[in-house]
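# Architecture at a glance
Listed below are the residues making up each chain.
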Amino acid sequence: MMVGRPLVELDNVTVAYRAGDRQHVAVTDVNLEVSRGAFVSVVGPTGCGKSTVLNVVAGLLAPTSGGVRIDGTSLWGRNTRAGYLFQQDTLLPWKTVLENVCLGLELAGVDRAERREQARDWLSRVGLSGFEDAHPHQLSGGMRKRTAVAQVCVCGPEILLMDEPFSALDAQTRQLMENELLTLWTEAGTTVLFVTHDLDEAVSLSDEIVLFSAGPASTVARRYEVDLPRPRDLMRIRTARRFGELYEAVWSDLRKEVMKAHGRRDTVGHG
Amino acid sequence: MAVATRSVTADQADAPRRRLGARGTITAARVLVALVVVGGWELAARLTVLDPFFFSQPSDVARLLREWLVSGEILDDLVVTVGEAFGALLIGTILGLITGFLLARSPFLDAVFAPYVKLLNAVPRVVLAPIFLLWFGLGEASKVAFGVSLVFFVVFFNTYQGVREVDRVLVDSVRMLGANERQLARHVLVPSALAWIFSGLRVSIGFAIVGAVVGEYLGASRGVGYVIAQAQGVFDTTGVFAGIVLLSVVVGLIDVVVHRLERHLLRWKPERTQGFQPS
Ligand SMILES: Nc1ncnc2c1ncn2[C@@H]1O[C@H](COP(=O)(O)OP(=O)(O)OP(=O)(O)O)[C@@H](O)[C@H]1O
Ligand SMILES: [Mg+2]
């Protein structure tokens, strides 16, 4: 891994949502550094605040206390160096697939011919050539997700925030997309913060895995360095012995957090 | 769509044929309703169940309408009325769009102005008409002003609602792609609010005509509203009905044009189920 000052730093980040007249503390005292060019995955039980943390890094949500630094400067407002692939569907329904993918470049003032060429290139990389003129409602969920991947990646962001980008895809497409992501990451030196529910995916792609504890008031429970050699062959890496060890290590801790989350929900439900 | 959701298990191949058949039946039923109402009216008037003096009868109304159109004497009045309505529609829509946008996007402006907008909207508009006559005179300006006071609020509330209902995550996503507030309006807010804006616009067409006609009715020297008022003054029921029919047809025609435009601009939308829209 590269050494140097971290590109993304979270400093005691706490986020409390207002829930009626009470406060719901989603995450508390989150400290995290992501080095330039690193691939970091975030895992944790559902509702623990993973999307919340990504929103904070994106600059869409101001932390209740604590702060974010990007390349050493405090983040204020939208993080202009980041591309964000949301957990929800975010394609504009009134634009075609091609227009959606062109949007970021259009907003940046890239001329029409140039942005169309780049968008077409990305559409073919995510396997959607031929769907340029379709509208999002004519696509399947997985196709919409892949279009969104193209939409974000075509802008060439320095930091890529991805919130469960591949969970809607079938196993084969998923592996193709993971490969594509690794290629992009290697070629462009993008820094990736990647939320996933799939430990397989987390271990095989990442340099580091960050485990969040069960919510509410979730925080970083543990971090694991993934010391599998690069470049990685995603087809084979899952059979490596070290892969199995890492998977087991993360899984045993994650399972505890998931059990805790369920336990809490039960007590809430019965109390 | 409706057919498909109702009977998913039924053989899908039959669906288009059945839908076509349904459309024919609907058209036939519509024509039947019109025949019954108009025919019933004519019949009742002829049998003097309805007093023709107060209710006129469709054949007389049709005859008078043809007379008006052939001689062309009504056209000048129609141009005046439609012109006033168009002016009201244009000004009211522009003001409503701008205000709706500003208040929907700025919590501060919203907090300051919302009570006043509600207050103004609560003023019975008919009371304003005489005041506008005093302020703007008996000419076209007072009718336009009256129409604006009706159109503005409809467009305003629809735009406001439409912009407020824009999916939050779409806004965030396009922001992250680098949009400033102006680009956000163009790529997200306007297209997203367009369905709302159009429904406001289509209601406004009727209101703009109402504004013009009521204004003319209260005081003017030309316009369809003036013609209706004159006819009423001499108990010419046929003239009143002919004026009403003429205005309805005009509103209907404009609505068709606006609906075409709407369908063109909202063509990205998945097929919608039938409702209160001409097909
Ligand atoms: N806008 C909001 N207002 C109030 N509470 C919120 C809001 N967004 C999230 N929360 C709460 O904050 C907690 C964390 O939510 P978040 O979406 O970050 O979880 P997550 O880890 O991304 O979950 P998942 O894995 O299911 O996507 C949840 O308990 C949720 O109910
Ligand atoms: Mg989430």
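All of these numbers come straight from a predicted model, not from anything done at the bench.

This part takes up the UniProt feature "domain: ABC transmembrane type-1" (unreviewed entry) in chain B. According to UniProt, the positions carrying the feature "domain: ABC transmembrane type-1" (unreviewed entry) are residues 78-262 of chain B. Here residues 78-262 of chain B is 89% helix and 0% strand, with 26 Å between the C-alpha atoms at its ends.

All names here are of chain B. Looking at the assigned domains, one finds that chain B contains domain 1 (1-50) and domain 2 (55-265). Its C-alpha centre places domain 1 at a distance of 31 Å from the equivalent point of domain 2. Each partner contributes to the interface: domain 1 provides 6 residues, whereas domain 2 provides 6 residues. When domain 1 packs against domain 2, the two sides together hide about 570 Å² of surface, and 68% of this comes from carbon and sulfur. Contact with domain 2 buries area across many residues of domain 1, yet Trp41, Glu42 and Leu50 alone supply 73% of it, more than any other trio. Run the count over domain 1 and domain 2 and you get 4 residue pairs in polar contact (both at pLDDT 80 or more).

Let us look at the site of ligand 1. Residues and elements named next belong to chain A. Among the 13 residues in the neighbourhood of ligand 1, the closest are listed as Thr46, Gly47, Lys50, Ser51 and Thr52. Within the side chain of lysine 50, an N or O atom sits 2.7 Å from an oxygen atom of ligand 1. With respect to ligand 1, the side chain of histidine 197 contributes an N or O atom lying 3.3 Å from an oxygen atom. Computed on the free molecule, ligand 1 has an accessible area of 640 Å², of which 63% lies beneath the protein chains in the complex.

Moving on, we come to the sheet that holds strand S5 (residues 73-74) of chain A. The pairing of strands in a sheet comes from backbone hydrogen bonds and takes either a parallel or an antiparallel form. Residue and element names in this part refer to chain A. On the basis of which strands lie adjacent, the open sheet formed by 4 strands has the order S2-S1-S4-S5 and antiparallel pairing. With partners counted over all chains shown, the strands left at the sheet margins are strand S2 (22-34) and S5, one partner each. Of the pairings in the sheet, the one linking strand S1 (residues 8-19) to strand S4 (residues 65-70) comprises 5 bridges and is antiparallel in character. The residue of S4 that forms the bridge with threonine 14 is serine 65. In this fold helix H1 (residues 50-58) packs onto S1, S2 and S4, with an angle of close to 120 degrees to the strand it touches most, S1.

Further remarks concern the interface of chain B and chain A. With 19 residues of chain B at the contact, the number on the chain A side is 23 residues. Summing both sides of the interface, chain B and chain A together bury roughly 1900 Å²; the carbon and sulfur share of this comes to 71%. The largest per-residue losses of area from chain B upon contact with chain A belong to B:Met176, B:Leu177 and B:Trp268, which jointly make up 39% of the total buried on that side. Summed over the shared surface of chain B and chain A, the result is 1 salt bridge. With its nearest N and O atoms 3.5 Å apart, the salt bridge here joins A:Glu106 to B:Arg186. Counting across the interface, chain B meets chain A through 6 residue pairs in polar contact (both at pLDDT 80 or more). The set of elements that each furnish at least two residues to the side of chain B that touches chain A consists of helix H9 (168-176) and helix H10 (181-218) of chain B. Top contributing element to the side of chain B that touches chain A by residue count: H9(B), with 7 residues.

This paragraph deals with the coordination of the magnesium ion (ligand 2). Protein coordination at the magnesium ion (ligand 2) comes from A:Ser51 (OG) and A:Gln87 (OE1), with a distance range of 1.9 to 2.2 Å. Taken together, the positions of A:Ser51 in helix H1 and A:Gln87 in the loop between strand S6 (82-85) and helix H2 (97-107) put the pair 36 residues apart, joining distant regions of the chain.

Rules used throughout
- Residues numbered from 1 in each chain as written.
- Chains lettered and ligands numbered in written order.
- Predicted model: local features only at pLDDT ≥ 70, side-chain atom pairs only at ≥ 80, totals over all residues.
- Heavy atoms only, no water.
- UniProt positions renumbered as here; feature names shortened; annotations may be inferred.
- Helix = DSSP H or I, 4+ residues; strand = E, 2+ residues; numbered from the N terminus.
- Domains from an automatic or database assignment.
- Contact = heavy atoms within 4.5 Å.
- Buried area = accessible area lost by both parts, 1.4 Å probe.
- Polar contact = N/O pair within 3.5 Å; in protein donor to acceptor, adjacent residues only side chain to side chain.
- Near = heavy atom within 4 Å.
- Areas by Shrake-Rupley, 256 points an atom, 1.4 Å probe, with all protein chains shown as cover.
- Pairing = 2+ DSSP bridges.
- Axes fitted to C-alpha atoms, helices over the stretch in contact; angles between N-to-C directions.
- Salt bridge = Lys/Arg side-chain N within 4 Å of Asp/Glu carboxyl O.
- Donors = N, O, S within 2.8 Å, 3.2 Å for Na, K, Ca; no water.

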